[in-house]
Amino acid sequence: MLIIIHWKKFPKLRIRYMIDRKEIKEIVEGYYAYADKIKIGTIASHSGLDICDGAVEEEFRTLGVCQAGREKTYNEYFRSQRDSHGKLKRGIIDETTVFKKYNEILLPENQKKLVEENVLFVPNRSFTSYCNIDEIEENFRVPLVGSRNLLRSEERNRLHSYYWILEKAGLPFPEKIESPKDINELVMVKLPHAVKTQERGFFTASNYEEYLDKSETLLKQGVIKLEALEKARIERYIIGPVFNLDFFYSPIEPEMSNLELLGVDWRFETSLDGHVRLPAPQQISLVKHQLTPEYTVCGHNSATLRESLLEKVFEMGEKYVMATQEHYAPGIIGPFCLQTCVDKDLNFYIYDVAPRVGGGTNVHMSVGHAYGNSLWRRSMSTGRRLAFEIRRALEFEKLEMIVT
């Protein structure tokens, strides 16, 4: 049994028990007898459409786990329609399960039903945001396609966060500023939004006085909370474009590279994108409550990179994979995203890591990623690449190698 030790804010030790991978392997071995009935399930939010679109492309049935009040996108507008032979005619969501809250998926009776229906569950950010991470690690006995033990690394305030992995891997990330009083150039202050709990309360500052002024304004507006501000990560701001690098790592690839770059995306953020569309004099003249932009992600777009940068990109991906294999065995499985900025000298800095399906992959569903399409000679989105990996794992009888 894998035992992981981590520290809380105070020097009190807690031992966490991760579900033994052998237990998940035993469960998933029972799926082989019902291979034609396997369903791909996910939380119906944050890349849920991409996951389900890719699944039906590879002829799997899909299950969306919805929260009441947010289910119509999935059980009405993208609901699937099949003919009498089961051939898909329209839509991508075959079934939905609606709970009052997403975290009801953790209840033993709901887990049991998922296993009985041969569901392979794909974790996304909503899964780890709305469901207790301890419960996911210790008690969620449904096969996860991906790396269960890496999901916690997304939390910035954890001892072994993704910054720890990046440091172990020798990968570049923005320099951390230990105290607001040490701010002497433009920085990004990273903390959660007070009201939009899954969003950002980020702000920038160039000196301590600006930090105090902006933080005071945001506190009064209710955008951030004092306790979150005290735990915020401050790091040097990298001036340059943002690229989310959507990778895939296959532990079952028999001949070619195990690492694939499927595509690149970038974000639309409110109210930041509205600010940058204003002329400079108008930005300066904004009233105080309009002056500091927010960084709430509301959409994505697709991008490509100049070819001379691709080797750097693959090198970063390889280093991340190797670090996860060394420190979080068996390491990353399936999709992951390195979120980067590129400076004026074409150096990459990783400012965030998603050890699962990235947040921007919906932009590629159906049409695929630029690089994934070229590599596989067909439309290859992240969702389809996931489903294709499951299909190959079934054919190779290696399903246990892609689940945790």
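A few points on the structure. On a predicted model such as this, the values are computed, not experimentally measured, just so you know.

1. Looking at empty space enclosed by the protein
Then step 1. Here the structure, examined in full by the defined rule, presents two cavities of 30 Å³ or more.
Then step 2. Val-122, Pro-123, Val-145, Gly-146, Ser-147, Ile-333, Pro-335, Pro-355, Arg-356 and Val-357 are the residues that line the largest cavity.
Then step 3. Size it by volume and the second largest cavity reaches roughly 30 Å³.
Then step 4. As for the second largest cavity, its lining consists of Val-145, Phe-248, Tyr-249, Pro-251, Ile-333, Gly-334, Leu-386, Glu-389 and Ile-402.
Then step 5. Listing elements by their share of the lining of the second largest cavity, those giving two or more residues are strand 13 (242-249) and helix 15 (382-396).

2. Some points on helix 7 (residues 162-169)
For an α-helix, 3.6 residues make a turn, and residues three or four places apart therefore share a direction.
Then step 1. For helix 7, the complete set of buried residues consists of Tyr-162, Tyr-163, Ile-165, Leu-166 and Ala-169. Each buried residue of helix 7 sits inside an arc of 160° when the element is viewed along its axis, so together they form one side.
Then step 2. With its phi angle positive at about 70°, Gly-170 sits one or two positions after the end of helix 7.

3. Overview of the pattern of salt bridges
Then step 1. This model, assessed by the stated rule, comprises 29 salt bridges.
Then step 2. Between Glu-23 and Arg-141 there is a salt bridge, with its nearest N and O atoms 2.5 Å apart. Remark: Arg-141 occurs in the loop between helix 6 (133-138) and helix 7 and Glu-23 occurs in helix 1 (residues 21-29); sequence separation between them is 118 residues.
Then step 3. With relative accessibility at 27%, the residue Glu-23 sits in the partly exposed group.
Then step 4. Of the residues examined, Arg-141 reaches a relative accessible area of 32% and is grouped as partly exposed.
Then step 5. The closest approach of N and O atoms between Lys-39 and Glu-95, which form a salt bridge, is 2.7 Å. One end of the pair, Lys-39, is in strand 3 (residues 39-43); the other, Glu-95, is in strand 7 (residues 95-99), with 56 residues separating them in the sequence.
Then step 6. Judged by relative accessible area, which is 12%, Lys-39 ranks as buried.
Then step 7. The class of Glu-95 is partly exposed, set by a relative accessible area of 29%.
Then step 8. When salt bridges that share partners are traced, they join Glu-253, Glu-260, Arg-385, Glu-389 and Arg-392 into one network.

Rules used throughout
Residues numbered from 1 in each chain as written. Predicted model: local features only at pLDDT ≥ 70, side-chain atom pairs only at ≥ 80, totals over all residues. Heavy atoms only, no water. 1 Å grid on protein atoms, 1.4 Å probe; cavity = no way out; pocket = protein on both sides within 12 Å on 5 of 7 lines; lining within 4 Å. Points joined across faces, edges and corners; volume = space filled by probe spheres on them. Helix = DSSP H or I, 4+ residues; strand = E, 2+ residues; numbered from the N terminus. Buried < 20%, exposed > 50% of the residue type's maximum accessible area, 1.4 Å probe, protein only. Arc of directions from axis to C-beta. Salt bridge = Lys/Arg side-chain N within 4 Å of Asp/Glu carboxyl O.

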